Amino acid sequence: MLLHLPEVLTAAEVAEIRAELEQARWADGALSAGPMAQKVKQNRQLPADAPEAKRLGERIEAALRRHPLFTSAALPKLVITPRFNAYQGGGHYGNHVDTAIHSDPFRGVIARTDVSTTVFLNAPEEYEGGELIIEDTYGAHEVKLAAGDAILYPSTSLHRVEPVTEGIRLASFLWTQSLVKDTERRRMLFELDMTIIRLRAQIGDTEEVVGLTAHYHNLLRQWGDL
């Protein structure tokens, strides 16, 4: 499931985060990639030991957890502290699938990567290229969102970042281990949750809506992995 999360960050939050990133000490992004990814990865990344890394990452995570669509779609069990990257001067990241297991240096834990998320920190008109291309059974999807918006997609998806030919593309990226491992089951639960919310707004907490809500929670109880 590919899902657009609008307005995860306000314009003021984006400006504050970008101001800190402009003063940050960046490193070669290939240093954090595996042997295969190193061959196709050309960008810069904020090192985990940078003074801003933990604080800004936690700020991104808090904003996502406040967003109802993120919670409903990802069903987060564990969120790896968000990281930051920058692309410019032809920087790109070729086709790849995210590593199945990631460690969080700040929390001392490892997590399975079920859901990937990118939070855009630039307006699309600030740079040329840099589209995030995500492939699934329906084809290739081009993503280039407004500053403060995010895209959520299965970590099993083949994806890439096209070369940035002008300007700079700043983003935060992260992985979530979900309470529900299976992508299709997460999609069904999300769609059921959205249907319940719409019905509740239209007709209130009728017997039928309460019944659907019970069905949702019983499915989550059956499929969830605590």
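None of the values given here were measured: they were computed from a predicted structure.

UniProt records the feature "binding site: Fe cation" (unreviewed entry) for H96, D98 and H159 in the present numbering. Maximum C-alpha separation among the annotated residues is 8.7 Å over a sequence range of 64 residues, consistent with a single clustered spot. Its location among the elements puts D98 in the loop between β7 (92–96) and β8 (101–104). Polar contacts involving the side chain of D98 include one to the side chain of S116, which spans 2.7 Å. Within the secondary structure layout, H159 lies in strand β15 (residues 158–161).

Among the secondary structure elements, G29 is positioned in the loop between β2 (27–28) and α2 (35–38). Separated by 157 residues in sequence, G29 and R186 have C-alpha atoms that sit 31 Å apart. Setting aside chain neighbours within four positions, we find G29 in contact with K41, N43, R44 and Q45.

Let's shift gears to the nonpolar core. Ranked by internal contacts, the top residues of the largest apolar core, which has 31 residues, are L9 and F84. Counting residues per element, this core draws most heavily on helix α3 (residues 53–66), which supplies 5 residues. Excluding residues within four positions of it along the chain, L9 makes contact with V14, I17, I60, A63, V119, L121 and G148. Grouped together as the second largest cluster of nonpolar side chains are 12 residues, I134, Y153, V161 and V164 included.

It is worth spelling out the UniProt feature "binding site: 2-oxoglutarate" (unreviewed entry) in the protein at this point. With numbering aligned to this structure, UniProt lists the feature "binding site: 2-oxoglutarate" (unreviewed entry) at R169. Along the chain, R169 turns up in strand β16 (residues 164–178). In this structure R169 touches N85, A86, Y87, T118, F120, N122, Y127, G130, L132, V161 and V164, once residues within four positions along its chain are discounted.

Looking now at the pattern of salt bridges. As enumerated under the stated definition, the model contains 15 salt bridges in all. As a salt-bridge pair, R18 and E126 come within 2.9 Å of each other at their nearest N and O atoms. Of this pair, R18 sits in helix α1 (residues 11–22) while E126 sits in the loop between β10 (115–120) and β11 (127–129); the two residues are 108 residues apart in sequence, bridging distant segments of the chain. Owing to a relative accessible area of 17%, R18 belongs among the buried residues under this scheme. The partner of D114 in a salt bridge is R112, with the nearest N and O atoms 2.7 Å apart. Each member of the pair D114 and R112 is classed as buried. Here the residues in one salt-bridge network are E61, R65, D104 and R107, joined through shared partners.

Judged from the 5 bridges that link them, strand β12 (residues 132–136) and strand β13 (residues 139–143) form a sheet pairing that is antiparallel. Bridged to I133 within β13 is E142. From the end of β12 to the start of β13, which pair antiparallel, there are 2 residues. Here β12 pairs with β15 via 4 bridges, running antiparallel. If you follow I134 over to β15, its bridge partner there is H159.

Taken together, 5 strands build an open sheet; the order of strands is β3-β7-β15-β12-β13 and the sheet is antiparallel. The open sheet is flanked by β3 (41–42) and β13, the only strands paired with a single partner.

Packing of helix α5 (residues 183–203) against helix α6 (residues 207–223) leaves a shortest axis separation of 10 Å and a crossing angle of 160°. Considered as vectors, α5 and α6 are oriented roughly antiparallel to each other. In this structure, the crossing between α5 and α6 has a hand that is left-handed. Across the interface between the two elements, R185, M188, L189, L192, D193, I196, L199, R200 and I203 of α5 pack against V209, L212, T213, H215, Y216, L219, L220 and W223 of α6. For the contact of α5 with α6, the class distribution of residues is 12 nonpolar, 2 polar and 3 charged.

Basis of the calculations
Residues numbered from 1 in each chain as written. Predicted model: local features only at pLDDT ≥ 70, side-chain atom pairs only at ≥ 80, totals over all residues. Heavy atoms only, no water. UniProt positions renumbered as here; feature names shortened; annotations may be inferred. Helix = DSSP H or I, 4+ residues; strand = E, 2+ residues; numbered from the N terminus. Polar contact = N/O pair within 3.5 Å; in protein donor to acceptor, adjacent residues only side chain to side chain. Contact = heavy atoms within 4.5 Å. Core = buried A, V, L, I, M, F, W, Y, C linked by side-chain atoms within 4.5 Å. Buried < 20%, exposed > 50% of the residue type's maximum accessible area, 1.4 Å probe, protein only. Salt bridge = Lys/Arg side-chain N within 4 Å of Asp/Glu carboxyl O. Pairing = 2+ DSSP bridges. Axes fitted to C-alpha atoms, helices over the stretch in contact; angles between N-to-C directions. Parallel < 35°, antiparallel > 145°, perpendicular 65-115°, else oblique. Left-handed = near helix turned anticlockwise from the far one by under 90°. Nonpolar A, V, L, I, M, F, W, Y, C, P; charged D, E, K, R; others polar.

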